[in-house]
Amino acid sequence: MARTDKGKRRMGWIGWTAVCIVLLGLVGYLAYRHAMQNNAVAVLDGADKLLNGGDGAIRLVAAERYGKDPAQKLEMFVPQGAKGALPIVVFVHGGGWSSGDPHDYRFIARTFCAQGYAVVLAGYRLYPQAKYPAMLQDGAAALRWVQDNAAKLGGDPARMALMGHSAGAYNVVMLSLDPQWLLGVGLDTGVIRGTVSLAGPFDFLPFDTPATIHSFGDAPDPSMTQPVNFARNDAPPLLLVTGDADTRVKPRNSRALARRMTEAGTATEPVLLEGVNHEGIIMMFARPFSRDTRGLDAVLPFLAKVTAPSVAVQAQGR
């Protein structure tokens, strides 16, 4: 009888331990689901940081505000131990023009600093605090800051490329195609050496989604909000990368802009990634998803080409 009681007590202890483990696992899973639903990009960035062993390979050289609004902020990173003036990638986040924080995209800095670039992560005012054209005014102001300050922080403003995902891709492409925004801050679109779009919306009339209605519904002339209407042969080179499984910003957007650019005199072909959806295209630039190298394989050669030193600079260096 004593042995049986002892066995029951042992099984009871093991059983309660198993229950606790299951409960802890459930709590952890629910916490993960909550984090993914509320700020999936921050979770992605945290995973990338962990798998990269921290931020030791990159150095934060600026965390500044370029305007009075809290969203008008940026961060600049360079590779640890970098010497000389590095080409610059200015990255603008997505989020339907209503969400997102540049701080959560440090995985972009880790990825591209490792390739020899200085990286600027730029934020902008969001709905409902702001609507079109605030995102473009803010993008231009951020580029003004880069042109004025990057050189003393290890970047080369003469070799600046833009990159954005989703809503951020819209922002950087409009800054590249419609000169009025940069002219408003005393810059010319010539300061942009090239622009990378990841799943960008470029031809989205009529406004029929909450994101477009909220951010563009009050525009006096909706046609003037569409990048396809600003295609020109003297624009900075565009790389339009999109997933063929993207149902949020359909590949037809990149196809339409590429067609308009080609008609304007600049042959442009979108890069379609098979089986990639809207979120997957940005996830490719963070661990552990960066094992799929198709995103980097498309972007890195383009960046290397457009940010290469000019002949005059190379000659001066000799």
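Residues numbered from 1 in each chain as written. Predicted model: local features only at pLDDT ≥ 70, side-chain atom pairs only at ≥ 80, totals over all residues. Heavy atoms only, no water.

Asks: I'd love a proper account of helix 2 (residues 106-113), names of residues and values included.
Replies: Here helix 2 lies mainly inside the structure; eight of its eight residues are buried. Among the residues of helix 2, Arg106, Phe107, Ile108, Ala109, Arg110, Thr111, Phe112 and Cys113 are the ones counted as buried. (Buried < 20%, exposed > 50% of the residue type's maximum accessible area, 1.4 Å probe, protein only. Helix = DSSP H or I, 4+ residues; strand = E, 2+ residues; numbered from the N terminus.)

Asks: Give me the lowdown on unusual backbone geometry, citing residues and values where you can.
Replies: Both trends apply: most residues other than glycine have a negative phi, and most peptide bonds are in trans. Cis geometry is found at the peptide bond from Tyr132 to Pro133, where omega equals 10°. With an omega of -5°, the peptide bond running from Leu205 to Pro206 counts as cis. Tracing the backbone through its elements, the reader meets Pro206 in the loop between strand 6 (192-198) and helix 6 (210-216).

Asks: Could you give an account of empty space enclosed by the protein, naming the residues involved and the relevant values?
Replies: If you walk through the whole model with that rule in mind, you get one cavity of 30 Å³ or more. Each pocket or cavity is described by its volume, and for the largest cavity that value is around 70 Å³. Contributing to the lining of the largest cavity are 13 residues, with Val92, Ala122, Gly139, Ala142 and Leu175 lying nearest its centre. Listed by contribution, the elements that provide at least two residues to the lining of the largest cavity are strand 3 (86-92), helix 3 (134-149) and helix 4 (167-177). Grouping the constituent residues of the lining of the largest cavity by class yields 10 nonpolar, three polar and no charged. (1 Å grid on protein atoms, 1.4 Å probe; cavity = no way out; pocket = protein on both sides within 12 Å on 5 of 7 lines; lining within 4 Å. Points joined across faces, edges and corners; volume = space filled by probe spheres on them. Nonpolar A, V, L, I, M, F, W, Y, C, P; charged D, E, K, R; others polar.)

Asks: Quick rundown of helix 9 (residues 294-306)? Include the residues and the values.
Replies: Between its first and last C-alpha, helix 9 extends 19 Å over 13 residues, near the 18 Å set by a 1.5 Å rise per residue. Every buried residue belonging to helix 9 is among Gly295, Leu296, Ala298, Val299, Leu300, Phe302, Leu303 and Val306, and all of these are buried. In this structure, the buried residues of helix 9 make contact with strand 3, helix 2, strand 5 (155-165), strand 6, strand 7 (238-243) and strand 8 (271-273). (Expected span 1.5 Å × (residues − 1). Contact = heavy atoms within 4.5 Å.)

Asks: Give me the packing of aromatic side chains: which residues, what numbers.
Replies: Across all of its chains, the model carries 13 aromatic pairs by this definition. Note on Trp97 and Phe216: the rings are 4.8 Å apart at their centroids and 85° apart in plane angle, and the pair reads as edge-to-face. With Trp97 in the loop between strand 3 and helix 2 and Phe216 in helix 6, this pair connects stretches of sequence that are 119 residues apart. As far as burial versus exposure is concerned, Trp97 and Phe216 are alike and both buried. Seen from their ring centres, Tyr132 and Trp181 are 6.3 Å apart, and the 80° between their planes marks the pair as edge-to-face. (Phe/Tyr/Trp six-rings, centres within 6.5 Å; stacked < 30°, edge-to-face > 60°.)

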